[in-house]
Structure formats: C-alpha cells, structure tokens
Amino acid sequence: MLSIFYKILFWTVNALALFHLIEVGYYVSKQFFKCETTPLRPVDCFDLEFYTTENGFSFINGVAYPHRIGNILLAAPGSNRYSKKSFECYFIKFMPTFPTAEIEALSLAPLVYKSFNYQWFSGLFSECVQEFSYHSAGWETMISGKLTQILAGILREQKLYTGGSLKVYADNIYAAEEFMKKHLKEELTLADIARSAALSPSFFHKTFKELTGQTPWRFLQIERLKLARHLVLNSRLSLDKIADLCGFCSRQYFDTVFKKEFHQTPACLRKSVKRII
C-alpha cells in the first residue's frame, strides 16, 4: 500500500514540472572545440546560458552577443547560432510544458541580459546542475522551480534597474563602478567608494544595492576575480603576484574565493589550460 502511495506521489510531482528539461550542465568550450569558431547549428529548444568567463561572442541569427561574466543569454527555438573564442557557462536546455508568463515576456529572444546579482543567479544555476546530475526523485520539479526563479529574476532585475525613483542616481553608481575598476589593487573603504559617487556612504550603499542587485563589496570582488582569472590564463605572473595585483589580502584567501566562484583553484585552472594547449 505504501509503495502505491509513493508511486502516486512521484507521478504527481513530475506532472507538476513546468518545463521539459533536455540538458543541464556546465560547459567548457575548449573541451569540445579547439578551433576559433564553432559550427553553425539550429536551436531546437530554449538555450539559457549564464556566462562565468569574459571572452568571445555568441552569434544568433547573425547578431553578436558578448560573453561577459554574469551575462545571461536566452536563445529561442528556430534561431541559428555559433560562437567565437573559448568560454565557459552554465546552461539549461528546455521547452515549456505549457505557456508561462516568464516565457511569454522573454519570447523575443535571442537577448542577453546583464545580471546584477551574480551570486544569486550563479547559485541557482549551480543547484540546477547538481539536481540534473543526481536525478533524484522529483528532480524535474526541483529544476523547474529554480528555472522559474531564474526567469522571474531576469524580469525583476530589468524592471528594477530601469525604473523607480533611484534611477536618477544611475550616473553616480556608474562613476563608483568605474572608480572600483581602476583601484582594484587598493584597500578601499565604503567611504572611499561613496565619495567617488558624490553620495553619503549609507545612501550610496542602499542605492547601489537597489540599482544593481548586489552590494558594492560584491561588485568589487567580482571585478577582482575577473581580472585575476584573466591574468591566470593570459600571463606568466606567479599566483602570489596576481593575488596582490588584484587586491586580495593573502594567497590563501585568493584561492578560497576563486575556487568558490569558478569551481577550481587558480593553480588547477592554469594547469588545465596548459594540458589543453
């Protein structure tokens, strides 16, 4: 009797899945293509990609979309696409089981969105990959729920960043972002960054988070990691030197945050690239 109950529960849970999931994973282009340009291919389902590296472009119906850390690309069925240069990303290939408000609102894909809360999106994509890998009971429903969060999050951020009373401070926030990018090596305080935006520290912190979806410290960490990853891959500088140049207080801390963000240490990344080359 109990086994029948579990079967019914399992069928019910899977029937509630909002999406037909085709494939979910983490893609490293160098593992599949060593050439500069990938072959042109038709898109036969929705391709959702979250980029974790800063290199190259995806071309969809002839239009180039840059690969930038935190960018989210949604390519619709019927498109044709190919990519140039190596890159890494989380990906989810899916089709809706029935129309949803999120899909209808994003139906003009292909489009690329700049995510302003990198950590939140990265966490959801990572959890989707884990669920797909384990295929535990109810995995489709779990991923469908997270996918709905991702799509709703894109729409929420688009509305938040382009609307609201705080949008008049967009230029101030942009000035602060540029200031942080130019002073990655330095030990910055909130007062230093707020001064570059001509705002008080408390108001700057609130405004920055509301307009970008992340704190100034998170933005600064992402920029430091982007530079660090570029130097690991494209220079012969020692990892200790890279940690110093990018504003990390110690090599141990650098290794910790780098692995948390990119799923491998700087040393492992550098070795893996050498093996491929």
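Caption draft 1: Region of the structure containing the packing of aromatic side chains. Across all of its chains, the model carries 21 aromatic pairs by this definition. Relative to Phe258, the ring of Phe254 has its centre 5.7 Å away and its plane inclined at 70 degrees; by these criteria the two rings are edge-to-face. Here Phe254 pairs with Phe258, and both are found in helix H10 (residues 251–262), just four residues apart, close to one helical turn. Both residues of the pair, Phe254 and Phe258, count as buried. An aromatic cluster is defined as three or more aromatic residues linked by ring pairs; in this entry it consists of Tyr26, Phe50, Tyr90, Tyr118, Trp120, Phe121 and Phe125. Taking NZ or CZ as reference, Arg229 lies 5.3 Å from the ring centre of Phe262, over its face.

Caption draft 2: How the structure looks around the confidence of the model for the chain. In the predicted model, the chain carries a mean pLDDT of 82, and the fraction of residues at 70 or more is 84%. Taken together, the stretch residues 1–16 has pLDDT below 50 and engages in six contacts with residues farther than four places along the chain or on a different chain.

Caption draft 3: Up close: the sheet that holds strand S5 (residues 63–66). Within the open sheet, the four strands sit side by side as S2-S7-S4-S5. Their pairing is antiparallel. Of all strands in the sheet, those bounded by a partner on one side alone are strand S2 (41–42) and S5. Pairing of strand S4 (residues 57–60) with S5, which is carried by four bridges, proceeds in the antiparallel orientation. Residue Ile60 lies in a different strand from S5, and its bridge partner there is Val63.

Caption draft 4: Up close: the pairing of strand S7 (residues 80–84). What you see with S7 is a clean split: Arg81 and Ser83 sit on the buried side and Asn80, Tyr82 and Lys84 on the side with no burial. In this sheet, S7 lies alongside S2 in antiparallel orientation, the contact comprising two bridges. Bridge pairing in S7 places Pro42 opposite Asn80. As paired elements, S4 and S7 share four bridges and run antiparallel to each other. Its bridge partner lying in S7, Phe57 is registered against Lys84.

Caption draft 5: Focus on the pattern of salt bridges. Scanning all chains against the criterion turns up 15 salt bridges. Note that Lys181 is salt-bridged to Glu178, the shortest N-O span being 3.5 Å. Of this pair, Lys181 and Glu178 both sit in helix H5 (residues 170–182), three residues apart, which is roughly one turn of the helix. Of the charged contacts in the structure, one is a salt bridge between Asp244 and Lys185, with a shortest N-O distance of 3.8 Å. Of this pair, Asp244 sits in helix H9 (residues 239–245) while Lys185 sits in the loop between H5 and helix H6 (190–196), and the two are 59 residues apart along the sequence. A relative accessible area of 37% means that Asp244 is categorised as partly exposed. With relative accessibility at 48%, the residue Lys185 sits in the partly exposed group. What you see here is one network of salt bridges that share partners, running through Arg41, Asp47, Glu49, Arg81 and Lys93.

The rules behind each value
- Residues numbered from 1 in each chain as written.
- Predicted model: local features only at pLDDT ≥ 70, side-chain atom pairs only at ≥ 80, totals over all residues.
- Heavy atoms only, no water.
- Phe/Tyr/Trp six-rings, centres within 6.5 Å; stacked < 30°, edge-to-face > 60°.
- Helix = DSSP H or I, 4+ residues; strand = E, 2+ residues; numbered from the N terminus.
- Buried < 20%, exposed > 50% of the residue type's maximum accessible area, 1.4 Å probe, protein only.
- Lys NZ or Arg CZ within 6 Å of the ring centre and 35° of its normal.
- pLDDT = per-residue confidence, 0-100.
- Contact = heavy atoms within 4.5 Å.
- Pairing = 2+ DSSP bridges.
- Salt bridge = Lys/Arg side-chain N within 4 Å of Asp/Glu carboxyl O.

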